[in-house]
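# Observations on chain architecture
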Amino acid sequence: DKEKPIWVFGKNSLPFYAAKQLGLEVISPEKTSQFGTAQISAADLKDLHSENNQEFCSVYLPTYQTSNPANENAAQSSGCSFELDYQNAFGGAMSVLYLGEAIYQALLSHRAVSSKE
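Per chain, residue numbering runs from 1 following the sequence as it is written. Residues qualify for local features only when their pLDDT is at least 70, as the model is predicted, and side-chain atom pairs are given and counted only at 80 or more; totals for whole chains, interfaces and linings, by contrast, use all residues. Side-chain measures here rest on the full set of heavy atoms in the structure, leaving out hydrogens and waters.

A patch consists of residues exposed above 30% relative accessible area that lack any salt bridge, with like charges linked at up to 9 Å and nonpolar side chains (Val, Leu, Ile, Met, Phe, Trp, Tyr) linked at up to 5 Å. Here the open area of atoms and residues is found with the Shrake-Rupley method and a 1.4 Å probe, where only the protein chains shown may cover a residue. Put simply, a salt bridge is a Lys or Arg side-chain nitrogen that is within 4 Å of an Asp or Glu carboxyl oxygen. For the charge count, each Lys or Arg is scored as positive and each Asp or Glu as negative, with His and the chain ends excluded. Charge placement uses NZ in Lys and CZ in Arg. For Asp and Glu, CG and CD serve respectively. Where like charges cluster on the molecular surface, the negative patch consists of Glu 30, Asp 44, Asp 47 and Glu 51. Counting through the fold element by element, Glu 51 comes out in the loop between helix 2 (42-50) and strand 3 (58-60). On the basis of relative accessibility, which here comes to 59%, the residue Glu 51 falls in the exposed class. Numbering of helices and strands runs from the N terminus, with a helix taken as a DSSP run of H or I at least four residues long and a strand as a DSSP run of E at least two residues long. Think of it in three bands: with a 1.4 Å probe and only protein chains considered, a residue is buried below 20% of the maximum accessible area for its type, exposed above 50%, and partly exposed in between.

Here it is, written out as C-alpha cells:
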C-alpha cells in the first residue's frame, strides 16, 4: 500500500499568511509551488519537525485530505495536532479571515483540552 503524500503550506499560501497574522511561526519546506504548497512524505515531515527544536502543532485541512491516518504518525510525535473546521476558499481577504478564525478556534480548543489533562 503506497503512502499518500502530505500537503504542506509555506510562503505564498493562505494558511501560511493566516498563521503569520496570528503571530505563529510556520514550519514549512524550502521549496513550494507558486501557490505555497508542497507534497511531502511522512518521513520528510518528521525530518522537517526534528530540524526545528521547538514545540509545534500539526494542522490538518480536510479539503486537502491531510488527515490520512497512515500519515498521522509523523505529526503525532508533537503531541499537538488537530483538524481545522474549515472548507476550501477561493482566496482574498475574507478567506484569510475565515482561515485565521479556524486556526484560532482550533488552538483555543487544543489549549482547553491540554489544560484539563
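This brings us to unusual backbone geometry. Even without glycine at this site, Asn 12 takes up a positive phi of about 80 degrees. According to the relative accessible area criterion, Asn 12 is exposed, its value standing at 59%.

On to the confidence of the model for the chain. Mean pLDDT for the chain: 75, with 73% of residues reaching 70 or above. Each residue gets a pLDDT score, which is the predictor's confidence in that residue and runs from 0 to 100. Taken element by element, the chain is modelled with least confidence in helix 3 (residues 72-76), mean pLDDT 51, and with most confidence in helix 1 (residues 14-21), mean pLDDT 88. Under a pLDDT of 50 for its full length, residues 67-71 has, in the predicted model, nine contacts with residues more than four places off or in other chains. Any pair of residues with heavy atoms lying within 4.5 Å of one another is described as a contacting pair.

By nonpolar core is meant a set of buried Ala, Val, Leu, Ile, Met, Phe, Trp, Tyr and Cys residues that side-chain atoms within 4.5 Å join together. Among the nonpolar cores identified, the biggest contains 13 residues, and Ala 18, Leu 61, Phe 82, Leu 84, Tyr 86, Leu 99 and Ile 103 are the most heavily contacted of them. At the level of elements, helix 1 and helix 4 (93-116) are the ones that each hand at least two residues to this core. Per-element accounting of this core gives the leading share, five residues, to helix 4. Other than its neighbours up to four places away in sequence, Leu 99 contacts Leu 14, Pro 15, Ala 18, Leu 61, Leu 84 and Tyr 86.

Right, let's get into helix 1. Taken residue by residue, helix 1 has Pro 15, Phe 16, Ala 18 and Ala 19 as its buried positions. End-on, the buried residues of helix 1 take up no more than an arc of 170 degrees, which puts them together on one face. Positive backbone phi, at 85 degrees, marks Gly 23, one or two positions downstream of helix 1. The directions from the helix axis to the C-beta atoms are what the arc is built from.

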